[in-house]
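So the chains spell out like this:
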Amino acid sequence: MLKTYSFQDQVRQLSEGINLIINDAPTLLGLVGIDKQPLHQTKFEWMSDSLNSNRATAIEAATAAATSIKVALGDGLKFRVNAVIVVGEEYMQVSAVAGDTITVVRGFDGTTAAAITAGGEIRIVARPQLEGALPGVDEGHDRYVDFNVTQIIERYAAVSNTQQNVRTYNVDDELNYQVQLRLKEATREMNDWLIYGRRIDGAPGTPRMTGGLLYFADKKGAAKNNANGGEVTPKMLNDLAEKVYQRGGSVNTILTNTAGARQITKFAKDTIRTERTDTATGHQIHTFVSDLVGGSVATVVVDPNFPKNKIALFDRDILKINPLNGRAMYDVDATVAGADFVARQLRGEYGVTVKNAAEKIAVLENISTSVA
């Protein structure tokens, strides 16, 4: 039977095709999915709305008699006059704040003054207020606006008219078959955006690029630990989960390559829990139960595209990928008049959102890429 190019001159929306592909894909994109809420600008913003931290860091050592303590850049904003702080077993009361230097009364409430080490943690226990006080100082400083940009993705598929009209290996429509292959390649690339994407706000001759999980983790100062080439241990994951918790976040996802996943499966039986559900495809092999109070549970996501020497712990609710309004993946006729081939051009435009990267992402670096 003579075959024809049955969808010539049609513009086809391919969003549903992408959803079918990623729902069965053992990737981060398969877990996150594509959000249906469209973006309306190529440069889009979001508000990170984490809780203000109750911890600061001393950047210089101080003797037991010192009443002036220098804290990390920006940490001075966390303190108020009369605030009670604790370092180790010693309580202190803040008597003045000047930038990132605080003046304190040592040995508050009968506690014993002790030396403070550089890099030591200072916990703000309370900030008591006087009766009848005036309104306080604006504390919206820990909220910040962040942004990303959209990125255009495209693929091209062409077959000769001969190929299109010959039944090959039970393929009824060769061009449509090629379109589906290109669509799978596009979803693989979008998954890499989520992981590796670099934020580049384009210029003439330079395309826009959307930043991903590792980019924002690095740029925003997410918690990091170094495994020094060793295999993953429960302590490594628990330490990072605790850092996220201390910053006001929580971990519900552990993203790793296959080697990291195999190392995790070697953990003690009371540390991991196997789950099989109808909604689990390739992503979920088990969950990790941390030793934090309440035992927070994180799904282990095995993505073969993730770096072999890293593991990321994060709250997956911070991560989204959205289409630009009217630019979700589609294909159009790209056949040249008079040419002896038929072709389709696939194109779409999407952007990645990564909220609260500093508070809700942690990365374990330099893990072993093999399993003993």
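As a starting point, this report considers the structure included with it. Along every chain, residues carry numbers that run from 1 in the direction the sequence is written. This being a predicted model, a pLDDT of at least 70 is required before a residue's local features are given, and a value of 80 or more before pairs of side-chain atoms are given or counted; all residues contribute to the totals for chains, interfaces and linings. Side-chain descriptors were evaluated using all non-hydrogen atoms of the structure, hydrogens and water having been removed beforehand.

### Quick look at the overall build of the chain
Then step 1. Counting from the N terminus, the helices are the DSSP runs of H or I reaching at least four residues and the strands are the DSSP runs of E reaching at least two. Helices and strands together make up the secondary structure of the chain, namely 8 helices and 20 strands.
Then step 2. Counting only residues that meet the buried cut, the chain has 44% of its 372 residues in that class.
Then step 3. In the chain, the proportion of contacts linking residues at least 24 apart, taken out of those at least 6 apart, comes to 74%.
Then step 4. The accessible surface values rely on the Shrake-Rupley method and a 1.4 Å probe; as for residues, cover is taken only from the protein chains in view. Of the accessible surface of the chain, which amounts to about 18900 Å², a share of 51% is contributed by carbon and sulfur atoms. Only protein chains enter the calculation, and the probe is 1.4 Å; a residue is then buried if its accessible area is under 20% of its type maximum, exposed if over 50%, and partly exposed in between. Any two residues having at least one pair of non-hydrogen atoms within 4.5 Å are treated as being in contact.

### Quick word on helix H1 (residues 15–23)
Then step 1. Residues Ile18, Ile21 and Ile22 constitute the buried set of H1. End-on view of H1: buried residues confined to an arc of 90°, all on one side of the axis. Facing away from the buried side of H1 by more than 90 degrees, the exposed set consists of Glu16 and Leu20.
Then step 2. Where the residues of H1 are buried, they touch helix H2 (28–32), helix H4 (174–196) and strand E19 (341–354). As used here, the arc is the angular range of directions from the helix axis to the C-beta atoms.

### Looking at the pairing of strand E8 (residues 121–126)
Then step 1. Any two strands between which DSSP finds at least two bridges are classified as paired. Pairing of strand E3 (residues 55–57) with E8, which is carried by 3 bridges, proceeds in the antiparallel orientation. When the sheet's bridge partners are listed, Thr57 is paired in E8 with Glu121.
Then step 2. In this sheet, E8 lies alongside strand E5 (residues 84–87) in antiparallel orientation, the contact comprising 3 bridges. Its bridge partner being in E8, Val86 is matched across the sheet by Arg123.

### Observations concerning the sheet that holds E8
Then step 1. Pairing within the open sheet is antiparallel, and its 6 strands lie in the order E3-E8-E5-E6-E7-E4. Lying at the two open borders of the sheet, with one neighbouring strand each, are E3 and strand E4 (68–70). Ignoring strand direction, the axes of neighbouring strands in this sheet form an average angle of 40°. Each axis is a line fitted through C-alpha atoms, taken for helices only over the stretch in contact, and angles between the N-to-C directions span 0 to 180 degrees.

### Observations regarding unusual backbone geometry
Then step 1. Phi at Asn82 takes a positive value of approximately 80°, unusual for a residue other than glycine.
Then step 2. The residue Asn82 is located in the loop between E4 and E5 in this model.
Then step 3. Positioned with a positive phi, Asn228 is a non-glycine residue whose angle comes to about 55°.
Then step 4. Here Asn228 lies in the loop between strand E11 (223–226) and helix H6 (234–246).
Then step 5. By relative accessible area, which is 64% here, Asn228 ends up exposed.

### Quick look at the packing of aromatic side chains
Then step 1. Each aromatic pair joins two rings of Phe, Tyr and Trp (for Trp, the six-membered one) with centres within 6.5 Å, and gets the label stacked for planes under 30 degrees apart, edge-to-face for over 60, and tilted for any other angle. The tally for this structure, following the rule as stated, stands at 3 aromatic pairs.
Then step 2. An aromatic cluster is built from Phe44, Trp46, Tyr215 and Phe216, whose rings are joined through pairwise contacts.
Then step 3. Any Lys NZ or Arg CZ found within 6 Å of a ring centre and within 35 degrees of that ring's normal is scored as a charge over the ring. Here the basic side chain of Arg199 rests over the ring of Phe147, its NZ or CZ set 3.9 Å away from the ring centre.

### Quick look at H6
Then step 1. Over its 13 residues, H6 extends 18 Å from the first C-alpha to the last, a length consistent with the 18 Å expected when each residue adds 1.5 Å.
Then step 2. What H6 keeps buried is the set Met236, Leu237, Asn238, Leu240, Ala241 and Val244.
Then step 3. Remark: Gly248 follows H6 within two positions and exhibits a positive phi of approximately 100°. Take the number of residues in a helix, subtract one, and multiply by 1.5 Å to get its expected span.

### Details of the environment of Tyr350
Then step 1. Following the sequence through the fold, Tyr350 ends up in strand E19.
Then step 2. On a C-alpha basis, the gap between Tyr350 and Met190 in space is 8.6 Å, while along the polypeptide they are 160 residues apart.
Then step 3. Here a polar contact means two N or O atoms within 3.5 Å. Within protein one must be a hydrogen donor candidate and the other an acceptor candidate, and residues neighboring in sequence count only if both atoms are side-chain atoms. At a separation of 2.8 Å, a polar atom in the side chain of Tyr350 contacts the main-chain amide nitrogen of Met329.

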